[in-house]
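Chain by chain, the residues run as shown.
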Amino acid sequence: MKRKELLGRLIGEVTNFLLDGNPLRLVVSLHQEEDGAHLTFFDDKKRSEEELNRINKALHPKYERPELAEYYGLMAGHDVTWDSRLELIGWQIKHADVDNSDSGLRIDLWLGSDAFNPEKFTIGKE
Amino acid sequence: MEQSERILYALLIVLISSLMLTAMILEGPLTVLKNTLHLQTQAARLISDFTLHGVGTAMFNAATVGLLAMVLIFHASVSLSGPAVSAILTMMGFSFFGNTLLNSIPLIGGVWLASKLARKTFGSYSLIALFSTALGPLVTYLMFSIGLPLPLSVPLGIIAGLAAGFILPAVAGSMLQLHQGYNLYNVGFSCGFIGLFASNLLIAAGKMEPLTIKWSEEFSLPLFLLIPLFSVMLIVTALFIEKPKQGFQGFLEVQKLSGRLPYDFFDTGYTAGTFLNIGLLGLVFWGYLVIIGAPINGPTIGALFTIIAFGGFGKTLKNTYPVALGVVLSTLLFGKSLVAPGPLLATLFATTLAPITGQFGFFAGLLAGFLHLVMVEATASWHGGLVLYNNGFAGGLTASLFVAILQWYKTNRPEEDFTQ
């Protein structure tokens, strides 16, 4: 999948998820480099530990699922009418961090080529 | 490799070996091999019951196709879980009435070529590759039924298979957006779409023969016992890997899942519950056939295999019975017979629409099933029987209609508008 389409799908699915909570503020930040990208999402709704665990679980599949990522991953971010499904993007990213920030939920996603190492990214974890 | 994956490999190997062994016992090794070779030359358009060539032959054919699918999944480094099992068992089921090694390989090859062009691993397209075999009859019909000399028709069939497989990933991705995962047999929907063009090209060339139904009514004990034995094996496996109470709780949790694509039930952690779900699905739908006095032949075994196949990837007892009931009601209302090939297969294969029940409730499922029968009886002639997953095609149309209407309703609900 080309970079633009992939980013569009990921942004679409995560914003669909965040908009389900009807936030008053939502920020999406993108930083791209040659071999990867970092997406950050903030809203103003803090989540319970249970909710954070559920989001974390969806974004961290136990195993790589290439058969699901390439094919069913095409549904990610396509349609905001239906319930969001973070699992669809969990298969397509390199790494994710989920936590409550000062104001609300913060989700960080890293994606890129196989050579991409999120640890060395210029905008990394704080 | 996870415990559930090891168990699934073991179960598949037992199933494939048992089919091969039973075939040899029933017909003798030489006859089975000879008949299986002969089976490769059948056009195999809908509905061609392979058990008419011998129950052992059909079983051996299913085993060889299942073995091919399992080896491909293993070598593609794809985990054997709900999705992969759904593809392998569906292929095996359809090998009782349409799939052979000969008509499967060119299509899989076409998908492999597409993966190379898109610079993806074959594993990424593995599910599409296995399900692409729905177009198997296109390959064998061109090879053996259009009246061309074999040196011309065999390459033509191979090229057509490669071409159809090559475009399938593109079509399957687009079709998925139409119904948003509410039709479990999405590749069937996509193959039906391709089949429309293939069939009309053949009609334009004056090479399309009318459809015929080859349907066995003969009783065969090995065939009759195949599904209950396999289902019981799955249930025993569930009871073996977890305590019965724990397994049953897992089973109840699985019943709460919508089943909308892509939902791998093995990922939920309820391994025993998923095995119980699969086993019980097999037993319940087999029991239904026995109660209404339907024949247990190649196509019905294929349909039961497909229900079992998706028992870990979208189908539960709870989300399947309303759609099946909808088909039964539609059958009775329109004065058709419950045991006639069309309505009978529609009752079993309509479970492709199970996620509609899972997401929108009992009545939505019932209505989807009701409409499904009307559609599925027409669609086979649209693609000239060249697509084995005819119910997947019809199911895709029904699901797309439902999704379009519900989407329109949801996007126009006034209560969530901004205040004017």
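See the structure printed just above.
Residues numbered from 1 in each chain as written. Chains lettered and ligands numbered in written order. Predicted model: local features only at pLDDT ≥ 70, side-chain atom pairs only at ≥ 80, totals over all residues. Heavy atoms only, no water.

**Comments concerning the interface of chain A and chain B**
Interfaces are often sized by the amount of accessible area the parts lose when they come together. Formally: By definition, residues are in contact when any of their heavy atoms lie within 4.5 Å. For any pair of parts, buried area is found by adding up, for both, the accessible area (1.4 Å probe) each one loses once the two are put together. We define a salt bridge as a side-chain nitrogen of Lys or Arg found within 4 Å of a carboxyl oxygen belonging to Asp or Glu. Pairs of N or O atoms are called polar contacts if they sit within 3.5 Å, as long as, within protein, a hydrogen donor faces a hydrogen acceptor (for residues adjacent in sequence, only side-chain-to-side-chain pairs). Every helix listed is a DSSP run of H or I at least four residues long, and every strand listed is a run of E at least two residues long, numbered separately from the N terminus. Three residue categories are used. Nonpolar comprises Ala, Val, Leu, Ile, Met, Phe, Trp, Tyr, Cys and Pro, charged comprises Asp, Glu, Lys and Arg, and polar comprises the others, including Gly.
Across the contact, 22 residues belong to chain A and 34 residues belong to chain B. Here chain A meets chain B over a buried area of about 2,600 Å², counting both sides, of which 55% is carbon and sulfur. Put simply, chain A and chain B have 4 salt bridges between them. A:Lys62 is paired through a salt bridge with B:Glu2; the nearest N and O atoms lie 3.4 Å apart. Between chain A and chain B we count 9 residue pairs in polar contact (both at pLDDT 80 or more) in total. Considering each element in turn, the side of chain A that touches chain B owes the most residues, 3 residues, to helix 3 (residues 66-69) of chain A. Here the side of chain A that touches chain B is composed, by residue class, of 11 nonpolar, 2 polar and 9 charged.

**Here's the deal with the packing of aromatic side chains**
Stated precisely, the cut-off is as follows: Here a pair means two rings of Phe, Tyr or Trp (six-membered ring of Trp) with centres within 6.5 Å. Their orientation is stacked below 30 degrees between planes, edge-to-face above 60, and tilted elsewhere.
All told, the structure shown has 24 aromatic pairs over all chains when counted by the stated rule. Between B:Phe193 and B:Phe197, the ring centres sit 5.6 Å apart and the planes meet at 75 degrees, which makes this aromatic pair edge-to-face. Of this pair, B:Phe193 and B:Phe197 both sit in helix 9 (residues 186-204), 4 residues apart, which is roughly one turn of the helix. In this structure an aromatic cluster arises from ring pairing among A:Tyr71, A:Tyr72, B:Phe94, B:Phe97, B:Phe131, B:Tyr185, B:Phe310, B:Phe313, B:Phe349 and B:Tyr389.

**Side note on empty space enclosed by the protein**
Residue and element names in this part refer to chain B. How we decide: Here a cavity denotes grid points, spaced 1 Å and computed from the protein atoms alone, that fit a 1.4 Å probe unable to get out, and a pocket denotes an open set having protein on both sides within 12 Å along at least 5 of 7 lines; residues with an atom within 4 Å of a point are the lining. Grid points are joined across faces, edges and corners, and a volume is the space filled by probe spheres set on the points. Domain start and end points were adopted from an automatic or database domain assignment.
One pass over the structure, following the stated rule, counts 4 cavities of 30 Å³ or more. Reported here for the largest cavity is a volume of approximately 80 Å³. Considering the residues around the largest cavity, the lining is formed by Leu8, Leu11, Leu12, Val85, Leu89, Phe230, Leu234, Ile278 and Ile308. Those elements giving two or more residues to the lining of the largest cavity turn out to be helix 1 (3-27), helix 4 (82-94) and helix 10 (221-241). The leading source of residues in the lining of the largest cavity is helix 1, at 3 residues. Broken down by class, the residue content of the lining of the largest cavity amounts to 9 nonpolar, no polar and no charged. Residue-level mapping places the lining of the largest cavity at the junction of two domains, with at least three residues from each of domain 1 (3-204) and domain 2 (233-407).

**Side note on the sheet that holds strand 1 (residues 26-33) of chain A**
All names here are of chain A. Heads up, the condition is: Here the rule is simple: two strands pair whenever DSSP picks up at least two bridges between them. Angles here are taken between N-to-C directions and fall from 0 to 180 degrees, while the axes themselves are lines fitted to C-alpha atoms, restricted in helices to the stretch in contact.
Ordered by their spatial adjacency, 4 strands build an open sheet running 1-2-4-3, and the pairing between neighbours is antiparallel. Sheet topology places strand 1 and strand 3 (95-100) at the edges, where each strand pairs with a single neighbour. Going from strand to strand, the sheet's axes swing by 10 degrees on average, the running direction of each strand aside. Strand direction decides the pairing type here: strand 2 (residues 36-43) and strand 4 (residues 105-112), joined by 7 bridges, are antiparallel. Considered in strand 4, the bridge of alanine 37 is made with leucine 111. Contacts from helix 1 (residues 3-20) reach strand 1, strand 2 and strand 4, with the element oriented near 15 degrees to strand 2. Each of strand 3 and strand 4 touches helix 2 (residues 49-59); the most contacted strand, strand 3, lies at about 175 degrees to it.

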